[in-house]
Amino acid sequence: MATETGGAGHGATDGWPASYHPLRALSKAPTRGARVHVARAGPRPRTRRTSMHRTLALALAAGLVLGAPALAQPVRIVSPYRPIFTTQSLGPAVAYLRTGQAAPDFGPQDGPLLSARYTVRLSGPLELEVRGGAASSRRTLFAPDPTNPLQPPQRRGEVPVTLALGEGAFRFRLTGPRTWHRLSPFLTAGFGLASDVRRTHPEEDSVPPDARFRFGTRFVVSTGAGTEWYVGRRWALVPDVRLRWWRLDRPRGLQRGLGESSAWVPNLAVELGLAYTF
């Protein structure tokens, strides 16, 4: 009995089994602050929203890569306006003058008009234009009926007329001192003088003195519009429409039954000019 009791005392400690010891169990237990490894169940499933975000990110990255060269290039702004550095111009012009008449048609008739003009810039869009020219025309001779003065005047033929024209005008450029698609439109307003170089003709000897018409020298008021079309660095074509007014005085021998003795008549000129700018 004593031998079994002693053997039992060496194989167990205070009644614990021999295969288990409390100090050994404490050494194997996890201490405070130690990392605890938790085994994952598997990869997280991919949702539809995650796939959409990844697709958008890839598309944005591709766009930035492809668009980077274009963004790096300099941006060129193309404007239809070009400055006009020249301040003067000089050149010829040819026009067709359509004249106005007062009853009866004793004034100058339609005809060609040749002229030359010079322009200089005053300030910004404002310019001064000086023009001189000559128009070739004809006019009709009228004489009263000697047997019946109340009848309309009778025609006695035609005589040539050469009108010398000189005028000055202010020109206002609508685009200022610049062109728009090579065009520079403008408006004009001015005044001048027109004179008949051929004052008398032998054909007028058959007309009574009080029925002879004399154009003389007339005051002219003008307005117009046109444009300069630059076909080169210094050359421009200048289409122009000009309306001029001058007064016609009916001879005293032709005033019976015809109303007012004088009238301001309009005269329209459509012309094309060439300008050298400097």
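Keep in mind that what you see is a predicted model, and the values were worked out from it rather than measured.

How each quantity is defined
Residues numbered from 1 in each chain as written. Predicted model: local features only at pLDDT ≥ 70, side-chain atom pairs only at ≥ 80, totals over all residues. Heavy atoms only, no water. Core = buried A, V, L, I, M, F, W, Y, C linked by side-chain atoms within 4.5 Å. Buried < 20%, exposed > 50% of the residue type's maximum accessible area, 1.4 Å probe, protein only. Helix = DSSP H or I, 4+ residues; strand = E, 2+ residues; numbered from the N terminus. Contact = heavy atoms within 4.5 Å. pLDDT = per-residue confidence, 0-100. Phe/Tyr/Trp six-rings, centres within 6.5 Å; stacked < 30°, edge-to-face > 60°. Lys NZ or Arg CZ within 6 Å of the ring centre and 35° of its normal. 1 Å grid on protein atoms, 1.4 Å probe; cavity = no way out; pocket = protein on both sides within 12 Å on 5 of 7 lines; lining within 4 Å. Points joined across faces, edges and corners; volume = space filled by probe spheres on them. Nonpolar A, V, L, I, M, F, W, Y, C, P; charged D, E, K, R; others polar. Salt bridge = Lys/Arg side-chain N within 4 Å of Asp/Glu carboxyl O. Polar contact = N/O pair within 3.5 Å; in protein donor to acceptor, adjacent residues only side chain to side chain.

Draft legend 1. Fine view of the nonpolar core. Residues F215, W246 and L248 are the most contacted members of the largest nonpolar core, which totals 24 residues. Among the elements of the structure, β2 (88–98), β4 (126–143), β5 (154–173), β9 (235–249) and β10 (262–277) are those that each provide at least two residues to this core. Setting aside residues no more than four positions away along its own chain, W246 makes contact with L97, T99, L163, A194, F215, R218, F219, V220, A263, W264, V265 and N267.

Draft legend 2. Broad picture of the confidence of the model for the protein chain. With 73% of its residues at a pLDDT of at least 70, the protein chain reaches an overall mean of 81. Helix α1 (residues 2–11) is the least confidently modelled element of the protein chain, averaging 42 in pLDDT, while strand β7 (residues 183–196) averages 97, the highest of any element.

Draft legend 3. Structural view of the environment of V130. Among the structural elements, V130 can be located in strand β4. In this structure V130 comes out as partly exposed when scored by relative accessible area, which is 43%. With ten residues separating them in the primary sequence, V130 and V120 have C-alpha atoms 8.9 Å apart. V130 has contacts with A116, R117, Y118 and E167, leaving out every residue within four places of it along the chain.

Draft legend 4. Representation of the packing of aromatic side chains. A complete count under the given rule lists five aromatic pairs for this structure. Sitting over the ring of F186, R171 keeps its end group 4.0 Å from the ring centre. Cation over ring: R218 sits above F215, and NZ or CZ is 5.6 Å from the ring centre.

Draft legend 5. How the structure looks around the layout of surface pockets. In this structure, the largest pocket spans a volume of roughly 370 Å³. The wall of the largest pocket is formed by 14 residues, among which P83, I84, Y230, G232 and R233 lie closest to the centre. Taken together, the residues of the lining of the largest pocket break down into five nonpolar, five polar and four charged.

Draft legend 6. Just the pattern of salt bridges, in detail. One pass over the full model with this rule turns up 21 salt bridges. The partner of R242 in a salt bridge is D240, and the shortest N-O contact between them spans 2.5 Å. Comparing R242 with D240 shows no difference in burial state: the two are buried. Three or more residues joined by partner-sharing salt bridges are found here, namely R117, E127, E129, R131, E167, R171, R173, E228, D240, R242, R244 and E271.

Draft legend 7. The arrangement of the side chain of S195 in detail. Structurally, the position occupied by S195 is in strand β7. Reaching out from S195, the side chain makes a polar contact with the side chain of T217 at a distance of 3.3 Å. Dropping the residues within four chain positions of it, S195 is found in contact with T162, L163, A164, F215, G216 and T217.

Draft legend 8. The arrangement of unusual backbone geometry in detail. Phi is positive for H181, close to 55°, though the residue is something other than glycine. One can find H181 in the loop between β6 (178–180) and β7. Residue R182 is not a glycine yet carries a positive backbone phi of 70°. Among the structural elements, R182 can be located in the loop between β6 and β7.

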